[in-house]
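Each chain, letter by letter, is given below.
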Amino acid sequence: MIKILPSILLSCLLGIFISCQNTHTDMEAQNLGTSIDPTTFLWYKQPAKKWEDALPVGNGRLGAMVFGKYGEEQIQLNEETYWSGGPYSTVVKGGYKVLPQIQKHIFEGQPLKAHKLFGRHLMGYPVEQQKYQALANLHLFFPDQDTVLDYQRSLDLATGIASVEYSKNGVHFKREVIASYPDQTILIRLSSDTPGSISFDAELRGVRNSAHSNYATDYFRMDAVGDDQLKLTGKSADYLGVEGQLRYEARIKAIPTGGSISAENAKLTIKDADAVDLYFVAATNFVNYKDVSADAAQRVSINLESLQNQSAEDIFQDAVQDYQSYFNRVSLTLPTTQSSFLPTDQRMESIQSTPDPQLAALVYNFGRYLLISSSRPGTQPANLQGIWNKDMNPSWDSKYTTNINTEMNYWPVETANLSELAEPLVTMVKELTDQGSQVAREHYGARGWVFHQNTDIWRVAAPMDGPTWGTFTVGGAWLTTHLWEHYLFTQDKEYLDEIYPVMKGSVQFFLDFLVEHPNGQWLVTNPSNSPENPPKGEGYEYFYDEVTGMYYFTTITYGATMDNQILKDLFDYYLSAAQVLEKDAAFAAEVKAARARLVPSQVGKNGMLQEWTEDYEQLEDKHRHFSHLYGLYPGNVISAKRTPELVEPVKKVLEQRGDGGTGFSRGWKMALWARLGDGDRANSIFKGYLKEQAYMSLFAKCFTPLQVDGSFGVTAGITEMLIQSHEGVIELLPALPKEWSKGAFKGVKARGGFELDFEWENGELTKVSVLSTAGKTCKIMLPEGLKEFETEKDKRYEIL
């Protein structure tokens, strides 16, 4: 047995202070409030009543949602590669033969005819894709805990530790949960202040698709192993005619200090222990998107064997240190108020009437925490729910939606000084070029590669869901702009050379796919759509769609404004990459010529920026997407400085659609208003987000379902309010709200390879320090004006 330190000593060792006095709850909250950092500490006076309010931990591959219940605790568990199905393709051969007729119908104002042809000949098959799956639930049953005193649960973003503590019959109990990346385990530590007081039963329960119980092919088995382990094994479900080829194994290993332990009928029983460590390990046979030849049981066995050679203290401390190597790079401090020390759910309510700027810092840090917990080098990218999922049929399959959501997940990765965590996204884009090149050839008769609005772990690339969504051909192009952004922040030429073929392949596709507009001047995408908003114009009406089996609308058109904007960025970024690498001068000249023929930004008869090349109205005037404002953010096509004539048309779009909508919509609006220099409007939207589109756990909602995109989008929006660098000049405090009059932002990254620390008081900069990580020329706007200076790599410059 492993001898562990008493929990309170370990907490002190790790710099975690939580009052463990057996006092009334209100007094405990008062004591806690004097010791916590309100920018990094989430805490509550009650357990999570539903999964969305549980607190997440993750190491990029394994995830857990901690409910913090007494009597019967539940910890919901995920392994990121457990999906339905197996390697498959959705490529449909020969679709390109019908493409000219589809384009003709669209140009002639017959969108429903075009929609039907696209649905029959260019949609991928199967039309839908695979689902991210829930893996397991760990249940801990504690006797005589129907009621408790001094209850508190928390998530410390400074350490990555989720905790729950309470008192019963004079005994103070504590549980701590951390996800270890170095040791690939989730460690659950149970302790108390009274020896021999810990007794509980444990079950590791599988999850099955009960909605498909009459034909589902997923199964699991629950077993005890020896007297100290629980084992769960199973397979993925067949789905959409695709065989479930994934096999998984998960285990719980218990190591008590004192007391007794036994196992029988898939249940562990621990009695009268001083403390207990529970290790969760899990693996599948997934190797990559086309290889499932690994041995899940062998992976788990190796993992458990490596854990046996280490103490619980070392595993715990190594996990914290690894996590902090990312988290401690950046800090944000804003004005503290009395409300800043309330429980988190109360802070979310209080901020609606009483300022609490530090809550914005907490939400900013929560986004960084989620990224560190769900996206590590070598893992899968963060999906719609990060890595956390309780359902076998999750909303939108909890996959990768790329008409806004996956991109938004990675909006903060560079500025938050977490560039390494972009690797899973970069790798996914590379993998998408496999089927993406087949889709380009068979569906469109084009060179290069193309990708649409969704994919899954198997990296399918063809249009899916139906033509209303599937005609979004610029999903891969949008993702490719992220590859360029990574270069802008890191200035890594070896990396740029590595991803250059991906950029070129995307450009090649569009050089072939773009067709001449009937006016003989412009080049446009056809078909196209503006996610996910239906035009209102001639030929557009609700109809019964044979692909979806629904009475719905079509979005199919040509030359959606978002397409034009993304392609302007893509072509510009490619031209810059070719120049940096001194490659393909002749091809670059073709790209430049095509770039000049893309449709310019247009203002419609209502004074708003047009969403389509045609001046259509919209069937949904409060639509959640802001697709045609991509060019303002995250793109670099529209600018208050370079295109001032478009500022008012953009504002009219924002005003017309309002400040409501989904979590991701509000995060996007924050960034858009920040690019327009209106910090108070962005702050108002932030407060509305907390009131209506965030769970008490700070996870974002997509109306009701939990999604991480809004959490990341808000983190990015807060960043844009405080620093911008997209126009070649670093601007500090470009959209500072009045309530954030004083603060400090340290470690934040800017394009060009610069890391900044800066402080301000009364809304004015008081200190600015720049670390050059690439030795490039620095251009920064200071109170006295533009400052431009040469830098040396790894040297810091105090410039204010």
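Use the structure listed above.
Starting afresh in each chain, residues are numbered from 1 along the sequence in its written order. This being a predicted model, a pLDDT of at least 70 is required before a residue's local features are given, and a value of 80 or more before pairs of side-chain atoms are given or counted; all residues contribute to the totals for chains, interfaces and linings. Derived side-chain values reflect all non-hydrogen atoms in the structure, with water molecules and hydrogen atoms excluded from consideration.

A.B. asks: Looking at this structure, I do not really get empty space enclosed by the protein. What am I missing?
C.D. replies: Where empty space is left in the structure can be found by rolling a water-sized probe over the atoms. For each structure, a 1 Å grid was placed over the protein atoms alone; sets of points admitting a 1.4 Å probe that cannot get out are labelled cavities, open sets with protein on both sides within 12 Å along at least five of seven lines are labelled pockets, and lining residues have an atom within 4 Å of a point. Grid points are joined across faces, edges and corners, and a volume is the space filled by probe spheres set on the points. For the structure shown, the criterion picks out seven cavities of 30 Å³ or more. Computed from the structure, the largest cavity encloses a volume of approximately 300 Å³. Along the wall of the largest cavity there are 26 residues; nearest its centre are Tyr 410, Trp 411, His 482, Glu 485 and Arg 751. Strands here are runs of E lasting at least two residues and helices are runs of H or I lasting at least four, both read from the DSSP assignment and numbered beginning at the N terminus. Put simply, the parts of the chain that give the lining of the largest cavity at least two residues each are helix H10 (423-444), helix H12 (475-490), helix H14 (561-581) and helix H19 (709-722). In the lining of the largest cavity, the residues fall into 14 nonpolar, six polar and six charged. Each pocket or cavity is described by its volume, and for the second largest cavity that value is around 80 Å³. Note on residue categories: nonpolar means Ala, Val, Leu, Ile, Met, Phe, Trp, Tyr, Cys or Pro, charged means Asp, Glu, Lys or Arg, and polar means any other residue, Gly included.

A.B. asks: Help me out: how do you make sense of unusual backbone geometry in this one?
C.D. replies: Negative phi characterises most residues that are not glycine, and trans characterises most peptide bonds. A cis amide bond links Tyr 125 with the next residue in sequence, Pro 126, at an omega value of 0 degrees. As for its placement among the helices and strands, Pro 126 is situated in the loop between helix H4 (111-121) and strand S5 (136-141). Going from Pro 531 to Glu 532, the amide bond is cis rather than trans, its omega being -25 degrees. Relative to the elements of secondary structure, Glu 532 occurs in the loop between strand S21 (523-524) and strand S22 (535-536). In this structure, Asn 417 is a non-glycine residue whose phi angle is positive, near 65 degrees. As for its placement among the helices and strands, Asn 417 is situated in the loop between helix H9 (405-409) and H10. By relative accessible area, which is 10% here, Asn 417 ends up buried. One non-glycine residue, Asn 762, lies in the positive phi region at around 50 degrees. Mapped onto the elements, Asn 762 comes out in the loop between strand S31 (754-761) and strand S32 (764-772). Relative accessibility decides the category of a residue: with a 1.4 Å probe and only protein chains considered, values under 20% of the type maximum give buried, values over 50% give exposed, and everything between is partly exposed.

A.B. asks: Explanation requested: the nonpolar core in the structure shown.
C.D. replies: Nonpolar side chains tend to gather and get buried jointly when the protein is soluble and globular. Counting residues in hydrophobic clusters, the biggest one holds 227 residues, and the most contacted among them are Leu 756, Phe 758 and Ile 780. Nonpolar cores were defined as sets of buried Ala, Val, Leu, Ile, Met, Phe, Trp, Tyr and Cys residues, with membership established by side-chain atoms within 4.5 Å. Judged by nonpolar contacts, the second largest core, of 15 residues, contains Tyr 279, Ala 283, Val 300 and Ala 312.

A.B. asks: Even after reading the chapter, I still don't get a nonpolar patch on the surface, so can you show me in this structure?
C.D. replies: Candidate patch residues must exceed 30% relative accessible area and have no salt bridge, after which like charges are joined if within 9 Å and Val, Leu, Ile, Met, Phe, Trp or Tyr side chains if within 5 Å. Per-residue and other accessible areas follow the Shrake-Rupley method at a 1.4 Å probe size, with only the shown protein chains counted as cover for residues. Here, a salt bridge means any Lys or Arg side-chain nitrogen found within 4 Å of an Asp or Glu carboxyl oxygen. On the surface, Tyr 542, Tyr 544, Tyr 551 and Leu 619 cluster together to form a nonpolar patch covering roughly 460 Å² of accessible area. With respect to the helices and strands, the residue Tyr 551 is situated in strand S24 (residues 550-552).

A.B. asks: Looking at this structure, I do not really get the packing of helix H3 (residues 99-107) against H4. What am I missing?
C.D. replies: Two packed helices can be described by the angle between their axes and the distance between those axes. One way to put it is that H3 packs onto H4 with a least axis distance of 7 Å and a crossing angle of 160 degrees. Judged by the angle between their axes, H3 and H4 are roughly antiparallel. For the crossing formed where H3 meets H4, the hand is left-handed. Taking contact as the criterion, the partners of Gln 101, Ile 102, His 105 and Ile 106 in H3 are, on H4, Pro 111, Lys 113, Ala 114, Leu 117 and Phe 118. Among the residues making up the contact of H3 with H4, the classes are represented as six nonpolar, two polar and one charged. Between the N-to-C directions of two axes lies an angle of 0 to 180 degrees, each axis being a line fitted to C-alpha atoms and, for a helix, fitted only over the stretch in contact. Any angle between 65 and 115 degrees counts as roughly perpendicular, while under 35 counts as roughly parallel, over 145 as roughly antiparallel, and the rest as oblique. By definition, turning the near helix anticlockwise from the far helix through less than a right angle yields a left-handed crossing, and turning it clockwise yields a right-handed one. Any two residues having at least one pair of non-hydrogen atoms within 4.5 Å are treated as being in contact.

A.B. asks: What exactly am I supposed to notice about the sheet that holds strand S10 (residues 198-206) here?
C.D. replies: Adjacent strands of a sheet form backbone hydrogen bonds with each other and so pair up, either parallel or antiparallel. Between any two strands, at least two bridges found by DSSP are needed for them to pair. The sheet built from seven strands is open, its strands ordered S2-S3-S4-S5-S10-S15-S14 with antiparallel pairing. Bordering the open sheet on either side are strand S2 (55-58) and strand S14 (260-264), each of which pairs with just one other strand. Neighbour-to-neighbour, the strand axes of the sheet open up by a mean angle of 20 degrees, direction not taken into account.

A.B. asks: Looking at this structure, how should I read the sheet that holds strand S28 (residues 723-724)?
C.D. replies: Pairing in this open sheet of four strands is mixed, and the strands run S28-S29-S33-S34 from one edge to the other. One side of each edge strand has no neighbouring strand; the edge strands of this open sheet are S28 and strand S34 (785-789). Examined bridge by bridge, strand S29 (residues 730-732) and strand S33 (residues 778-782) share two bridges and lie parallel to one another. Paired with Glu 731 across the strands is Met 781, a residue of S33.

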